[in-house]
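Notes for the structure review
Listed here are the chains, written in short residue letters.
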Amino acid sequence: MTDATANVMLGNVIAATPKKRIKIKGSVVVMTVYLLFLLLPIYWLLTMSLKTNTEILNEFTLWPRDLTFANYAKILTDPSWYTGYINSMIYVTLNTVISLSVALPAAYAFSRYRFMGDNQLFFWLLTNRMAPPAVFALPFFQLYSSIGLFDTHIAVALAHCLFNVPLAVWILEGFMRGVPKEIDETAYIDGYSFGRFFVKIFTPLIASGIGVAAFFCFMFSWVELLLSRTLTTVDAKPISAIMTRTQGAAGIDWGVLAAAGVLTIIPGALVIYFVRNYIAKGFALGRV
Amino acid sequence: MEKTLNHKAWFLVLPVILLVAFSAVIPLMTVVNYSVQDTFGQNKFFWVGLEWFEEMLHSERMWDALGRQLMFSAIILSIQIPLGVFVALNMPKSGFWSSFCLVMMSLPLLIPWNVVGTIWQIFGRVDIGLLGYTLDAMGISYNYTQDTFAAWVTIIIMDVWHWTSLVALLAFAGLKSIPDAFYQAAKIDQASRWAIFRYIELPKMMGVLMIAILLRFMDSFMIYTEPFVVTGGGPGNATTLLSIDLVKMALGQFDLGPAAAFSIMYYLVILIISWVFYTVMTNLEKKGGLSDD
């Protein structure tokens, strides 16, 4: 699907040419309007983070008049702020590693074999993706308190497995189905053991699928707040929970709040940039 | 693909089962446990049977929250699905601008949900927000903390802003998988733009669209953080959706029994509706509604 073929087709059908041109313009307008709609609120947050509180509250300006980085400086120099980012990063990474390492063999089993109760099991896994975190908040709190894991990174990572493991299995199964089974069989005939085949031959073949699954685990663990806030108090408190305390006695510190918000967008933006070529396929869970 | 029968495959699934059993079954059992007991504190529990369930079934509060929740999900699905498809049809198919649109559109999806709430809370404020200030300057009275209608409009626009891109990206992936030959055949038949959409693009997108509808339904039905940050469930109870109500009941008032019964019914509703979607989806997949089968 290239623009070149479209152009050739345009050339062939002369009568349709003017109509086509208008349509192309139309799609540019649609995309511009849509992207503006998406970016305007983010832009507003960004400009606010670069303003002083006096400017935010007292005059209405479309861009910062007194450009200041003080809000960012406050966050990046105060440990009670920046440890939030470190905490979030730790449990997100832990969660991604755990989710992928259990989901890989399971997805392989679902994509290759029929076994007793496989369909039921698959649906049961998916039901956990549908479980409202609000239902689980209190039981999780009690469960992790009783086994002494409350306020640790691993507790949040395990709790997020509730929705990330089923999703990872679902995505990986989609990608694995695209790999012909003959590859497995040839490898076994050539004397590969299952483990060696899986690591040496199969994993490279579904590398993009693993990337996509990791991206999704990262994403859903990173954006979740209810469970991570319920399961932590100090030591593993995520940045998004720390943000809520900008509301002090003297009102809300809007500048710092906006700066913290902008800083939470950056990791996501970086990750998107690296996986941009797989995003569309990934969102289709490998099923395109 | 033909699958071999192999019961040993259970060993490959075992780690997942153990992990999910730990993080889902044990907590769920706790909930079931609470739902059939009452407590007077100090960890003394009494068996009450299905009393809490009966109480919740007759509770106007739960039915109201369920009604609001259904309305919310219905509204956002009916906006996001057509809008997402429309945006996908207008996206550049390849090259720099295609990647550019993909990256920009994914941006809202990766913002922590309470930051999404914060962004819209700020954006809609009449004193410091661009949207609120502009509307106010135009003479439209808009106050999402006081006015029910404004509150609803705000959380719906916020959700459209947050999630339409997911639908668009899915639809885009479906569109990209359509071979060029289909379009050339349509050209020869002199098919209209609408006919191309109706008979080529839409059927080919059906599979991914079902995923989109399933994901959007599930996620919208358990939405908590974003509306909570923006409206806190108010004004009054106007935007108290199911999860907000549940958290209020369980963690706020610590009414464990009713909250647990509520949880179970809430979960069951999601399960039943999702099961219907899932069955439709797998049937579509079997019929070859998805492009690669």
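Scoring rules and cut-offs
Throughout, a residue's number is its position along its own chain's written sequence, starting from 1. Labels follow written order: the first chain is A, the first ligand is 1, and so on. Per-residue local features of the predicted model are confined to residues with pLDDT of at least 70, and side-chain atom pairs are confined, for both listing and counting, to 80 or more; whole-chain, interface and lining totals are unaffected and use all residues. Only DSSP runs of H or I covering at least 4 residues are called helices, and only runs of E covering at least 2 are called strands; the numbering of each starts at the N terminus. Whether a residue is buried, exposed or partly exposed follows from its count of other C-beta atoms within 10 Å of its own C-beta, namely 20 or more, 12 or fewer, or something in between, respectively; the C-beta atoms are built from the backbone. Throughout, a pair of residues is in contact if the C-beta atoms placed from their backbones lie within 7 Å. Confidence of the prediction at every residue is given by pLDDT, a number between 0 and 100. For this analysis, nonpolar core means a set of buried Ala, Val, Leu, Ile, Met, Phe, Trp, Tyr and Cys residues linked through C-beta atoms within 7 Å. Domain borders in the structure are assigned automatically or taken from a domain database. Three classes are used, and their members are as follows: Ala, Val, Leu, Ile, Met, Phe, Trp, Tyr, Cys and Pro are nonpolar, Asp, Glu, Lys and Arg are charged, and the others, Gly among them, are polar. The rule for pairing is simple: two strands pair if DSSP sees at least two bridges between them. Note on geometry: axes are C-alpha line fits, over the in-contact stretch for helices, and angles between N-to-C directions span 0 to 180 degrees. Each angle receives one of four descriptions, namely roughly parallel if under 35 degrees, roughly antiparallel if over 145, roughly perpendicular if within 65 to 115, and oblique otherwise. Left-handed describes a crossing in which the near helix is turned anticlockwise from the far one by less than a right angle; the clockwise case is right-handed. To estimate the expected span of a helix, count its residues, drop one, and scale the result by 1.5 Å.

A few words now on the overall build of chain B. If you tally the helices and strands in chain B, you get twelve helices and three strands. For chain B, the C-alpha atoms occupy an extent of roughly 75 × 70 × 30 Å along the three principal directions. With 293 residues in all, chain B has 44% of them scored as buried. A sequence separation of at least 24 residues applies to 71% of the contacts in chain B between residues at least 6 apart.

On to the overall build of chain A, then. Across its full length, chain A carries 15 helices and three strands. Of all 288 residues assigned to chain A, the portion counted as buried reaches 44%. By sequence separation, contacts in chain A at least 24 residues apart represent 80% of the contacts at least 6 residues apart.

So, about the confidence of the model for chain B. Residues and elements named next belong to chain B. Here chain B averages 84 in pLDDT, while 95% of its residues score no lower than 70. Taken element by element, the predicted model of chain B shows its lowest mean pLDDT in strand β3 (residues 45–47) (73) and its highest in helix α3 (residues 60–90) (92). Taken as a whole, residues 289–293 scores under 50 in pLDDT and shows 13 contacts with residues more than four places along the chain or in a different chain. Scored as a complex, the prediction yields pTM 0.84 and ipTM 0.84.

Judged by nonpolar contacts, the single largest core of 160 residues is most densely connected at A103 and V169 of chain A together with A171 of chain B. The element that contributes the greatest number of residues to this core is helix α8 (residues 153–177) of chain A, accounting for 17 residues. Built from parts of two domains, this core gets at least three residues from each of domain 1 (3–49) and domain 2 (71–283) of chain A. Contacts of A171 of chain B, omitting those with residues within four sequence positions, involve G84, V85, A88, M205, V208 and L209 of chain B.

Contact residues are listed per partner, giving 88 residues for chain A and 82 residues for chain B. Split into classes, the residues belonging to the side of chain A that touches chain B amount to 68 nonpolar, eleven polar and nine charged. Of the strand pairs in this sheet, strand β1 (residues 113–114) of chain A and strand β1 (residues 4–5) of chain B are connected by two bridges, and their pairing is parallel. The partner of Y113 of chain A across the bridge, within β1 of chain B, is T4 of chain B.

We now examine the packing of helix α5 (residues 113–124) of chain B against helix α7 (residues 148–176) of chain B. Axis angle and axis distance: for two packed helices, these are the angle between their axes and the distance between the axes, and together they describe the pair. Residue and element names in this part refer to chain B. The interhelical angle for the contact between α5 and α7, taken along N-to-C directions, is 130 degrees, at an axis separation of 11 Å. What the angle tells us is that α5 and α7 run oblique. The element α5 and its partner α7 pack so that their crossing is right-handed. Contacts between α5 and α7 pair V116, W120 and G124 from the former with T154, M158 and H162 from the latter. Residues that form the contact of α5 with α7 fall into these classes: three nonpolar, three polar and no charged.

It is worth spelling out helix α11 (residues 207–223) of chain A at this point. Helix length check: α11 of chain A, at 17 residues, gives a terminal C-alpha distance of 24 Å against a target of 24 Å (1.5 Å per residue), a fit within 8%. For α11 of chain A, the buried fraction is high: 13 of the 17 residues fall into the buried class.

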